[in-house]
Amino acid sequence: MWSTASRPVFRRYVGAVVVGMALAATSGCTVPIDAVAGISVTGDGHLLGVMMVCGHQIEGATLYVDSADVDKTVTVGSWTADRPLTPGLATWTLDSPAAGWTATESLAPLTTKTTYALYGWTKDNSWSSSSVSFTLADRDRLTPGKVRYNSVSDNGDDSAITVSMTEFRTRACQNM
């Protein structure tokens, strides 16, 4: 049997636990997304990074092996923009020096049967981009002027699509 004095203490304790759990469940540890990453190819077949910045800024991009196992995530290339990318479209070659970009980790050779992901970031983790996953087969299906990226539908589902550069520019930020 409970004493009447312990019920208010118990209720406050339970209330504090519930509030703490609610705060923990709703506070995210992810970096806000405000840009969309994509890939394309140049006329001579070189892999091209494509970044549509929607509102704030992006300072660099990383290409890594896409794996559900964190221990198997390996960076295969990383680039820093000479100046932060502001709202709009930016492109750069991933396998050779590109004007306005510095390779902080030069692109390693890509292999078949491996899935890669490209995403953008800021040095202070204040903003990031969505990522785009691809294989070499996906890259080989691209033609100059076409961009592969992950499009987010009105209901929040995302899927990789390939569109013209013009369509990417107009649609990429719609569901951000």
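**Considerations on the environment of Arg 171**
Then, in step 1: Mapped onto the secondary structure, Arg 171 falls in helix α3 (residues 165–171).
Then, in step 2: Judged by relative accessible area, which is 30%, Arg 171 ranks as partly exposed.
Then, in step 3: A sequence separation of 19 residues divides Arg 171 from Val 152, and the C-alpha atoms of the two residues are 9.9 Å apart.
Then, in step 4: Setting aside its immediate chain neighbours within four residues, Arg 171 contacts Tyr 149, Ser 151, Ile 161 and Val 163.

**Quick look at the pairing of strand β2 (residues 47–53)**
Then, in step 1: Summarising burial for β2: 7 of the 7 residues are buried, a large majority.
Then, in step 2: Where burial is concerned, the two faces of β2 agree: the one with Leu 47, Gly 49, Met 51 and Val 53 and the one with Leu 48, Val 50 and Met 52 are both buried.
Then, in step 3: With 7 bridges connecting them, strand β1 (residues 33–41) and β2 associate as antiparallel partners. Each bridged residue has a counterpart across the sheet, and for Ala 35 the counterpart in β2 is Val 53.
Then, in step 4: Between β1 and β2, which pair antiparallel in sequence order, lie 5 residues; one of them, Gly 45, sits at a positive phi of approximately 90°.
Then, in step 5: Here 6 bridges tie β2 to strand β5 (residues 88–93), and the two strands are oriented antiparallel to one another. By the bridge assignment, Met 52 is partnered in β5 with Leu 89.

**Observations regarding the pattern of salt bridges**
Then, in step 1: This structure, assessed with the given rule, holds 4 salt bridges.
Then, in step 2: Residues Arg 148 and Asp 138 are paired through a salt bridge, measuring 3.5 Å at the closest nitrogen-oxygen approach. Of the two residues, Arg 148 sits in strand β10 (residues 146–152) while Asp 138 sits in helix α2 (residues 136–141), which places them 10 residues apart along the sequence.
Then, in step 3: Accessibility expressed as a relative area gives 15% for Arg 148, which makes it buried.
Then, in step 4: Residue Arg 139 is joined to Asp 140 by a salt bridge in which the shortest nitrogen-to-oxygen separation is 2.9 Å.
Then, in step 5: Within this structure, Asp 138, Arg 141 and Arg 148 form a network of salt bridges that share partners.

Conventions adopted
- Residues numbered from 1 in each chain as written.
- Predicted model: local features only at pLDDT ≥ 70, side-chain atom pairs only at ≥ 80, totals over all residues.
- Heavy atoms only, no water.
- Helix = DSSP H or I, 4+ residues; strand = E, 2+ residues; numbered from the N terminus.
- Buried < 20%, exposed > 50% of the residue type's maximum accessible area, 1.4 Å probe, protein only.
- Contact = heavy atoms within 4.5 Å.
- Pairing = 2+ DSSP bridges.
- Salt bridge = Lys/Arg side-chain N within 4 Å of Asp/Glu carboxyl O.

Any functional reading would require information beyond the geometric quantities listed.
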